[in-house]
2 protein chains.
Amino acid sequence: MASIRDVARRAGVSTSTVSRVISRKIPVDKRTGERVMRAICELDYRPNLIASGLRSRSARSIGLLVPRIADPFFMQMIDYVDRCVIEHGFNLLLFNTHSDPAFEEQVLDNLLRRHVDGIIFSSVSDESRVPSLLIGVEVPVVMLDRVRDDAKLMHLVLNNRMAGELAAEHLLGLGHRRIACVTGPRTLHLCAERLAGFSECLARRGSPLEPDFTIEGDFSLDAGRSAGERLLAAQRRPTAVWAQNDVMAAGIVKAAISAGLRVPEDISVMGMDDAMIPEVVHPSLTTIAQPLKEMSERAVEMILETRANAVVDRRVILDPSLVARQSTGAAPESRGGAG
Amino acid sequence: MASIRDVARRAGVSTSTVSRVISRKIPVDKRTGERVMRAICELDYRPNLIASGLRSRSARSIGLLVPRIADPFFMQMIDYVDRCVIEHGFNLLLFNTHSDPAFEEQVLDNLLRRHVDGIIFSSVSDESRVPSLLIGVEVPVVMLDRVRDDAKLMHLVLNNRMAGELAAEHLLGLGHRRIACVTGPRTLHLCAERLAGFSECLARRGSPLEPDFTIEGDFSLDAGRSAGERLLAAQRRPTAVWAQNDVMAAGIVKAAISAGLRVPEDISVMGMDDAMIPEVVHPSLTTIAQPLKEMSERAVEMILETRANAVVDRRVILDPSLVARQSTGAAPESRGGAG
DNA sequence: TTGTAAGCGTTATCAT
DNA sequence: ATGATAACGCTTACAA
């Protein structure tokens, strides 16, 4: 493959001139510039980004760490981050941490060896040592949805408490009083926050969450399904359920329909995330949407701005929003006779 | 950050010795080896993969090109490829071609500049010039699901004709005779193959596909939904539909249920791919599964073996399989009275 | 077994 | 505006 020397030789200039033509940061005489460009084309020359990365200390790539690739939410995130990263002339290095602290550390090591220009880190395990390992590092890091206040790292978090409140308000507004919640792993701060917002809002409005009506899941379809089955088996079953992600909500819907119930006529179900799942299932899921596009873009921008020594907010909080679809409706009691 | 020189200095050896200790390909005296390791730990030294990549001409990374990241099928593929790549000590560079030939070429250029160790390329557009551009290249390339016979490139394809046959056999076996098919973009060879297998099998068994009963879609939920609506509006509607991916099948299910039909009692629906969607919707989708795990692993192995100068099959064909779930059942005619 | 030294293909610095 | 030259941090002949 042709190198910058071959181009220089062919164009009758030095390698520095070729480099200048390519980077187009430093002015070059128009005629020599054209000669160089011609040589580049004739030789089908492609600058070697590895070499360039070594010398300029930037391989123009961003590392994205997610706990799970095969997940609708993270898949959307990967897509958005990728678009944004490409737009800025960078590439995406993708790492799956498998929600495993040990794996995370190994992956991090790898990442640092590759000298990426920035790291976007979405962990779903609050015990990870990685954030602390990340503090000394010279590359910009943005943590997504983590709260442990390592003020040294940039943070981009969702207002998870508000997510719970929005869900509660929506269901209360439809007349529901017997409301259940299927949470994610309770050890996750973000799940606890969502639940707190949800239950506090219910309590404030006079319909406190019953202990039997909060079930912990692991964000999987099966967790949703079995939580649904348990809730429906209760003597006085709930008329509405909020699941802390859409996949579990889909599981609950399956459990309900399998049990001969109609959604939302007999029971309302809502989810969270608003990535892919809600439209695919029937009835379409009402959900709490995360501003995933904005989150992804902000993360990339925070990194790029830090790199450029711009002044950057070190902590950004974004608001979720309600997206009403078909899976929630008026409470049975408020439509027909008393429950 | 500490470099190999710092380590060498601290351990009182040369940089080559340090390099040997790290690569552990060349024997090193046990005692010096330990001294070096200690120095590495003390300095928290991490070999720079950019520098190593430049010198050794291998950055230990594999490039994966997919037409769409935010898609259940490709998401699964990305996950499997990543696992396999990591297992072999490589990293994944992900590229979204957006099913756009122009974008593909730009992305390819980028890929070549990065001197990846191999390229796995899954395109969903047969007109792309990329494969021809790829022929001269010195890095191993594996094409997924492309048929245009550039014998210069390695291929890994699904037996798409068999996929159509399996679908037809399944529905015929359940007693269906009025059967429809919602295809992907007809310009794609793989879609044409699936349809050919499907319709030839039906014709062979005396239930040829009616022209009105094949509808072209674009693999999207909306395409499935509107195709479903059109099919259900027909005077004599089909009793079974095969969609060439699961997302469109989900759209058809939604159309059917919205029209007041039961699945599968009134109409059977089946999909293809078997990635994420079939379990999430209700009823769970019967589908034609692609052996995605095997495909992904084979692709990575083909690259690694080529790199190691092993003899490699240049063309691998894998078989799909039927996964029966709840969305298909006996034809209405064959259960109750005649249609 | 270990050290020396020459690159890998760029870019950055300093001249001119 | 352009050229010579020295890095960047590592690997790898080759020599010892």
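Everything quoted here is computed from the prediction, not taken from an experiment. (Residues numbered from 1 in each chain as written. Chains lettered and ligands numbered in written order. Predicted model: local features only at pLDDT ≥ 70, side-chain atom pairs only at ≥ 80, totals over all residues.)

A. Highlighting the sheet that holds strand β9 (residues 268-273) of chain A. Residue and element names in this part refer to chain A. Pairing in this open sheet of six strands is mixed, and the strands run β7-β6-β8-β9-β10-β12 from one edge to the other. The open sheet has two edge strands, β7 (214-216) and β12 (321-323), and neither has a second partner. Direction aside, the axes of adjacent strands within the sheet are offset by 20° on average. Relative to strand β8 (residues 240-243), strand β6 (residues 179-183) runs parallel, the two sharing four bridges. Among the inter-strand pairings, valine 182 is bridged to a residue of β8, identified as alanine 243. Strand contacts of helix α8 (residues 160-173): β6, β8, β9, β10 (286-289) and β12, with the helix running at about 160° to β9, the strand carrying the most contacts. Packing against the sheet, helix α9 (residues 189-204) makes contact with β6, β7 and β8, and its axis sits at approximately 170° to β6. (Pairing = 2+ DSSP bridges. Helix = DSSP H or I, 4+ residues; strand = E, 2+ residues; numbered from the N terminus. Axes fitted to C-alpha atoms, helices over the stretch in contact; angles between N-to-C directions. Contact = placed C-beta atoms within 7 Å.)

B. Structural detail: the packing of helix α2 (residues 15-23) of chain B against helix α3 (residues 30-43) of chain B. All names here are of chain B. Contact pair α2 / α3: the axes reach a minimum separation of 10 Å and the direction vectors enclose 90°. Judged by the inter-axis angle, α2 sits roughly perpendicular to α3. On the side of α2, the interface is formed by Thr17, Val18 and Val21, while α3 contributes Thr32, Gly33, Val36 and Met37. Each residue belonging to the contact of α2 with α3 can be placed in one class, and the counts come to four nonpolar, three polar and no charged. (Parallel < 35°, antiparallel > 145°, perpendicular 65-115°, else oblique. Nonpolar A, V, L, I, M, F, W, Y, C, P; charged D, E, K, R; others polar.)

C. Spotlight on the protein's contact with DNA strand C. As a matter of local geometry, DNA strand C sits amid 26 residues, with Ile4, Ser19 and Arg55 of chain A together with Asp29 and Arg55 of chain B nearest to it. Contributions of two or more residues to the surface near DNA strand C are made by α2 (15-23) and α4 (49-56) of chain A together with α2 and α4 (49-56) of chain B. Residue composition of the surface near DNA strand C, by class: ten nonpolar, 13 polar and three charged. (Near = placed C-beta within 6 Å.)

D. Quick look at the protein's contact with DNA strand D. Residues in close proximity to DNA strand D total 26 residues, the closest being Asp29 and Arg55 of chain A together with Ile4, Ser16 and Ser52 of chain B. When its residues are assigned to classes, the surface near DNA strand D shows ten nonpolar, 13 polar and three charged.

E. Up close: the sheet that holds strand β8 (residues 240-243) of chain B. All names here are of chain B. Within the open sheet, the six strands sit side by side as β7-β6-β8-β9-β10-β12. Their pairing is mixed. Strands at the two margins of the open sheet, each flanked by one partner only, are β7 (214-216) and β12 (321-323). Going from strand to strand, the sheet's axes swing by 20° on average, the running direction of each strand aside. Alignment of strand β10 (residues 286-289) against β12, held across three bridges, turns out to be antiparallel. Within the sheet, the bridge partner assigned to isoleucine 288 lies in β12 and is leucine 322.

From the geometry alone we can't say anything about function, so treat these as descriptive.
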